[in-house]
Amino acid sequence: MKKALLTLATVFLFLGNVNAQLPKETAEQKTERMKWWTEARFGMFCHWGLYAMPARHEWVRSNEKITDEDYQKYFELYNPDLFQPKEWARMAKEAGMKYFVITAKHHEGFCNWDSKFTDYKITNTPFKRDALKEVADAMRAEGIKVGFYYSLIDWHHPDFTLDQFHPLKPSNNPAKMDSINKTRDMNKYRTYIKNQVTELLTNYGEISLIWFDFSYKEKGQNEWASEDLLKTVRKLQPKILVNNRLDLNKVEGGWDFVTPEQYVPAKWPEVDGKQVPWESCQTFSGSWGYYRDEKNWKSPNQLIAMLIENVSKGGNLLLNVGPTARGYLDYRTESALKAMGDWMKYNSPSIYGCTQAPNEYKVPANCLYTFNPTTKRLYLHLINYPMGKIVLPEMQGKVKYAQFLHDDSEIKFIGKSTHQPDSEKVAGELVLALPVNKPNVEIAVIELIMN
Ligand code: GLC
């Protein structure tokens, strides 16, 4: 009995220790750790791997149930001869992006770095170079923070068990799937994950963010050994930010921000009734990897409005590029980034360091507000440029001065005027006079200096 109790006590002690190893921090400490990211608001996501060659979705292996043998041709031919990481960094910087998150490994299992733990890596292709190292250095040289995306899923690793997404899943034959899975050992795969993540967070300098992807019905925290993995991450890079896809949503310190994908949330996302840090990830055209024939590219106006909308709800935008198999960003990507940059060049003060505006400011129709809590300036984005004036409800007496953000040109308050018949006036509103023609910016922004 005594022995049993002792054993129990040891188990609890052990469990206690395990928990104690996930670093504790106060809400203020977390806010401070996340400050650079919260202020940055805009980052570049980058999905790049062998799937750039078939050029028809990064899930092509799963979608078309391609065998290892048939997928091998991409590996043998992979040679992105036009890869110029300095160009990527220049384009990200000019677009106004402050951080960069690249797929170290996506679900196909191919590694963009010289990993000791696999042969399935870029340095074994005809290309031979460690792309991850080069691009991380190039980004940092431009002052852009570097993060890695790491796929928890791996369709190449022999010990990763088959599941609903796996390209080798036998159709309608659960018995066959079970018997194949008996030959696979997720323990070994877990060790592989841990080794690789350790490698990535040890040999590549300061890594500001890690983006794990993803947990689902068959696989979650147990399959990834998420808690243990996260402890390793926090130990190796104590300041790192971690997304919420390790399936540790209920664990204290198990994630730093939530990640709505391909949609903008209706309002600032909450967990247990509290607003949480968030970042939506978005594509230009639907897929993440380079997709030659995809036609549904978003317009510059949509992309810029999306960035503004994220910030207006207190969130970040991680906007994805899918470089070609030759290693460059194609003309569509280049022009989309250029359009973002043209707008950001003059209007970034309404993005960087900004967040959702205080509730007391009622948003006029077809507009979005952002707010800089440090300077207390309020930014009115005219998503749909109105005719001749803009009416701000309940704003009378609150605004000292108004100007266009892109050129600091004054915008006058309208008192009694022909712009607005008496019958349309509502008490307390403030009316601003606008030029009839929209200024030469995709979305015009008015900077309001408050009383
Ligand atoms: C999804 C997809 C993946 C993409 C990711 C980005 O989970 O599996 O292809 O990398 O979202 O958020």
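Residues numbered from 1 in each chain as written. Predicted model: local features only at pLDDT ≥ 70, side-chain atom pairs only at ≥ 80, totals over all residues. Heavy atoms only, no water.

Explain the pattern of salt bridges here, please?
Oppositely charged side chains can form a pair if their charged atoms are brought close together. Applying the stated criterion to the full structure yields 26 salt bridges. The partner of Asp330 in a salt bridge is Arg332, with the nearest N and O atoms 2.8 Å apart. Across the pair, Arg332 and Asp330 agree in class, each one buried. Glu447 is paired through a salt bridge with Arg377; the nearest N and O atoms lie 3.4 Å apart. Placement of the pair is Glu447 in strand 16 (residues 444–450) and Arg377 in strand 11 (residues 377–382), with a sequence separation of 70 residues. (Salt bridge = Lys/Arg side-chain N within 4 Å of Asp/Glu carboxyl O. Buried < 20%, exposed > 50% of the residue type's maximum accessible area, 1.4 Å probe, protein only. Helix = DSSP H or I, 4+ residues; strand = E, 2+ residues; numbered from the N terminus.)

What am I meant to see in the site of the ligand here?
Around the ligand, a shell composed of 14 residues is seen, among which His47, Glu58, His106, His107 and Glu261 lie nearest. At a separation of 2.7 Å, an oxygen atom of the ligand approaches a polar side-chain atom of Glu58. Interatomic distance of 3.2 Å between a side-chain N/O atom of Tyr149 and an oxygen atom of the ligand. Protein contacts shield 94% of the accessible area of the ligand, which totals 310 Å² for the unbound molecule. (Near = heavy atom within 4 Å. Polar contact = N/O pair within 3.5 Å; in protein donor to acceptor, adjacent residues only side chain to side chain. Areas by Shrake-Rupley, 256 points an atom, 1.4 Å probe, with all protein chains shown as cover.)

Teacher, can you tell me more about the packing of helix 6 (residues 85–95) against helix 7 (residues 131–141) here?
Working note: a packed helix pair is described by the angle between its axes plus the distance between those axes. Between helix 6 and helix 7, the shortest axis-to-axis distance is 8 Å and the interhelical angle comes to 40 degrees. Compared by their axis directions, helix 6 and helix 7 come out oblique. Judged by the twist between their axes, the crossing of helix 6 over helix 7 is right-handed. Contacts between helix 6 and helix 7 pair Pro85, Lys86, Trp88, Ala89 and Ala92 from the former with Glu134, Val135, Ala138 and Met139 from the latter. In terms of residue class, the contact of helix 6 with helix 7 is built from seven nonpolar, no polar and two charged. (Axes fitted to C-alpha atoms, helices over the stretch in contact; angles between N-to-C directions. Parallel < 35°, antiparallel > 145°, perpendicular 65-115°, else oblique. Left-handed = near helix turned anticlockwise from the far one by under 90°. Contact = heavy atoms within 4.5 Å. Nonpolar A, V, L, I, M, F, W, Y, C, P; charged D, E, K, R; others polar.)

Looking at this structure, how should I read the environment of Ile383?
Checked against the element boundaries, Ile383 lands in the loop between strand 11 and strand 12 (389–392). In this structure, the C-alpha to C-alpha distance between Ile383 and Gln196, residues 187 residues apart in sequence, is 45 Å. Beyond its immediate chain neighbours, meaning those up to four positions away, Ile383 contacts Ala305, Ile308, Asn366, Cys367, Leu368 and Ile443.

Everything listed is a geometric property; what it means functionally is a separate question.
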